[in-house]
Every structure is written in C-alpha cells, then in structure tokens.
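The primary structure of each chain is shown beneath.
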Amino acid sequence: MEKIYQYIVKEIETLCTTPSPSGYTHNISEYLLTTIKDMGFKAELTNKGSVLCELGGSGDPVVLAAHVDTLGAMVRSIKSDGRLAYTKIGSYTANSIELENCTIHTRSGKEYSGTFQLTTPAVHVYPSTDQTKRTEKNVEVILDEVVHNADDVKKLGIRNGDFISFDPRTIVTESGFIKSRHLDDKASSGILMGLAKYIKDNKIELSRKVYLYFSAYEEVGHGAASGLPEDIKSMIAVDMGAVGDDLDTDEYCVSICTKDSSGPYDYSLTTELINLAEENKLTYATDIYPYYGSDASAAIRAGYNVKHALIGPGIFASHGYERTHLDALKNTFLLLRKYLRI
C-alpha cells in the first residue's frame, strides 16, 4: 500500500504546481485526460472543461467528484505607474496573498512573474503599514519587469482580464505533512487519481458503475452544476475537511460533512460512510461547515436527482497556505475503498 500513497503524494505535488485558477484549467485538464487514458480508462472533456472518467462496473452508478480549479485572480486594471490592480477568483482574504509570488498568464501565451504587495509596503517610509487594512484596493501586483507606466505593461502583452496564479510553494516533509496552496482540492484530486491507479494495477472488477469527475469551476460555485452522467444515482464530493473553531476535523482524519451552507447531506449515504469509518477503525470526524459549499451542493441545486455526500482529508488554514498530513490522505483513500468494496 505504501507505493499507492507515494503515488498519491506525487500526484498532489504535480497538480499543485500546475496553475489552474477557475476558468484557466485547460492545462491541468489535459494532464488528467492523458494520465487517465494512459491507465487504460475512458476519459473525456466536458463542454465546460471538466474531466469525466469511467472506471468500470455496472449498475447503481456513483460519481466521485473532486475539483482541480483553484483560487486565483485576474488583472482588473493596469495602473498609471505600471502596477496591476487585481480582482479575486474565489473567496479569500487579501492578507492571505500579500507577499505571495505569482504568475500573470497572458492571452497570447506569454507568462510574467510578479508579487502581491501592499501599496505602502516599506516600514521605513510608511509608519502605519502594520495598521493598513488589507483589501483589493490596498494590495497590488508588482511585475518583475522594467516598467514605469501602463504603456510599458501593455507592450508586454498584458491586458485586463489576464489570469493570475499564485505560487503554491508545495513542500512535503519527512514527518508526513504536505504544505501548499491549493490543497483544496488538489489533495482529494490526487486521492482519486490514486484510486484509479489502485483499481488498474490490481485488475479490480468493480461491483457497481463508478465515475470520476474533476470539475473546473467549483471555487466560483457552479463546478458540477452540469456535465454529470445522466444515469448516476449517488454522488460523493471528495473535497477538503476544514479545521478550526469547534470542529472535530484535524489534519490526520477523513472528514465526513453532515451539513454545509446548502443544507444537510443525504442521511442514508452519509450514515453509510460514518458506519464504514467506524467498522474499519478509520480516524474520522463528522462536522458541520456553515461557510462551505461543494460540487455535490452544486449538483443538487442544478436539479440532479441523486443521493449526495461530502468527505475529504482535513486541511488546515483553508483558502490560505494550507497543510494536511499523509494520515488524512490514507483515511480518505481507505474510506473510498471500503465504500466501493475494493
């Protein structure tokens, strides 16, 4: 089993270091398509850019869904001094990206590096820097190019609406921690890739029809609102478990969400997952996430008539510089295996 966990971690590293803010996921989708097809599975790109894969089996179809789109930004405008104002893609605080290195992706295919900085960053010049509220107005992108005005920037080919991705700073420690931006939801995407490889390598014949679905617009709310197979009966969103406040989830367990901003998850499916975690002595937690929504939520809102559930590895500092542990990946992977009876 250690080999499959090593594969999962390697996939997470690859996915995290492939830029894919919502709306700019074509490169990561192509990687998924190629990798899954190389395993021997059927995979296709939906019209909206999600990746749908069929792992085999027949009867009682289920979708296991993760999302590969991430938080990010776009160039809102080019300032007169050559710096960039930005607009957020997804939900996060401005202080969580201050000092973050980034890449600007132009529509022509050129890329430029930069850094998110406070508009008044130097403590030797601005004595109230520590008191300045971090907002989209007070944080900007400084390009690593010799530019003095807006015209200089435009000559580089940078325009309003160009995508901006964050440096993920992905690190795997010897003690089993994975630290990176975008573990939401590339940790779970790596787990699903590991599940596909496990099924392929062990020549497992599935007792039910199983799909994998990697969505491309989850962070902006409509990832799985379309493009799901019409025959599905159940859907499990494999996303992050949040850590903090009065929650029981931590960085070592699989989180089973019972309710989020969209309301309660399906009682029978959620209870089945809880019972499987209990019976197999997995480290797990059940929690309620009032400020959370998943691809399963989006599917239900879109009118899909499915039983829905939400599980995932515990992720610390969600929508910031995130951290999880190999144990959380293992517990999530094992729960999915037990659910599929493999």
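Model, not experiment: these values are computed from the prediction.

Go over the overall build of the chain, please, and point to the residues and values.
Along the chain, the regular secondary structure elements total 7 helices and 19 strands. Counting only C-alpha atoms and orienting by the principal axes, one finds that the chain spans roughly 65 × 40 × 40 Å. Counting only residues that meet the buried cut, the chain has 54% of its 342 residues in that class. Contacts in the chain between residues at least 24 apart in sequence constitute 76% of all its contacts with a sequence separation of at least 6. When the accessible area of the chain is evaluated, it comes to approximately 15000 Å², of which 48% is carbon and sulfur surface. Of the charged side chains in the chain, 36 are positive and 46 negative; the average position of the first set lies 3 Å away from that of the second.

Residues and numbers for the sheet that holds strand S19 (residues 322-325), please.
Spatially, S10-S11-S19 is the arrangement adopted by the 3 strands of the open sheet, whose pairing is antiparallel. Of all strands in the sheet, those with a lone pairing partner are strand S10 (171-172) and S19, marking the two edges. By the bridge criterion, 2 bridges tie S10 to strand S11 (residues 177-180) in an arrangement that is antiparallel. Across the sheet, residue Val172 finds its bridge partner in S11, namely Ile178. Where helix H7 (residues 326-340) meets the sheet, it contacts S11 and S19, and its direction lies at approximately 65 degrees from that of S19.

Give a description of the environment of Asn47 that names residues and reports values.
Mapping Asn47 onto the fold places it in the loop between strand S1 (42-45) and strand S2 (51-56). On a C-alpha basis, the gap between Asn47 and Ser226 in space is 9.4 Å, while along the polypeptide they are 179 residues apart.

Here is what the cut-offs are and how they apply
All residue numbers refer to position in the chain's written sequence, counted from 1. Selection of residues for local features in this predicted model requires a pLDDT of at least 70, selection of side-chain atom pairs for listing and counting requires 80 or more, and totals for whole chains, interfaces and linings are taken over all residues. Excluding hydrogens and water, the side-chain figures rest on all heavy atoms present in the structure. Numbering of helices and strands runs from the N terminus; a helix is a DSSP stretch of H or I covering at least four residues, while a strand is a stretch of E covering at least two. Categorising residues by exposure relies on relative accessible area from a 1.4 Å probe, with only protein chains included: less than 20% of the type maximum marks a residue as buried, more than 50% marks it as exposed, and the intermediate range marks it as partly exposed. Only heavy atoms matter for contacts: two residues are in contact if any of them lie within 4.5 Å across the pair. For every accessible area listed, the method is Shrake-Rupley and the probe measures 1.4 Å; residues are considered covered only by the protein chains on display. In this tally, Lys and Arg are treated as positive and Asp and Glu as negative; His is ignored, and so are the chain termini. Taken as the charge location is NZ of Lys, CZ of Arg, CG of Asp or CD of Glu. Strand pairing follows a simple DSSP-based rule, namely that at least 2 bridges must link the two strands. Helix axes use the C-alpha atoms of the stretch in contact, all axes being lines fitted to C-alpha atoms, and the angles between their N-to-C directions lie in the range 0 to 180 degrees.

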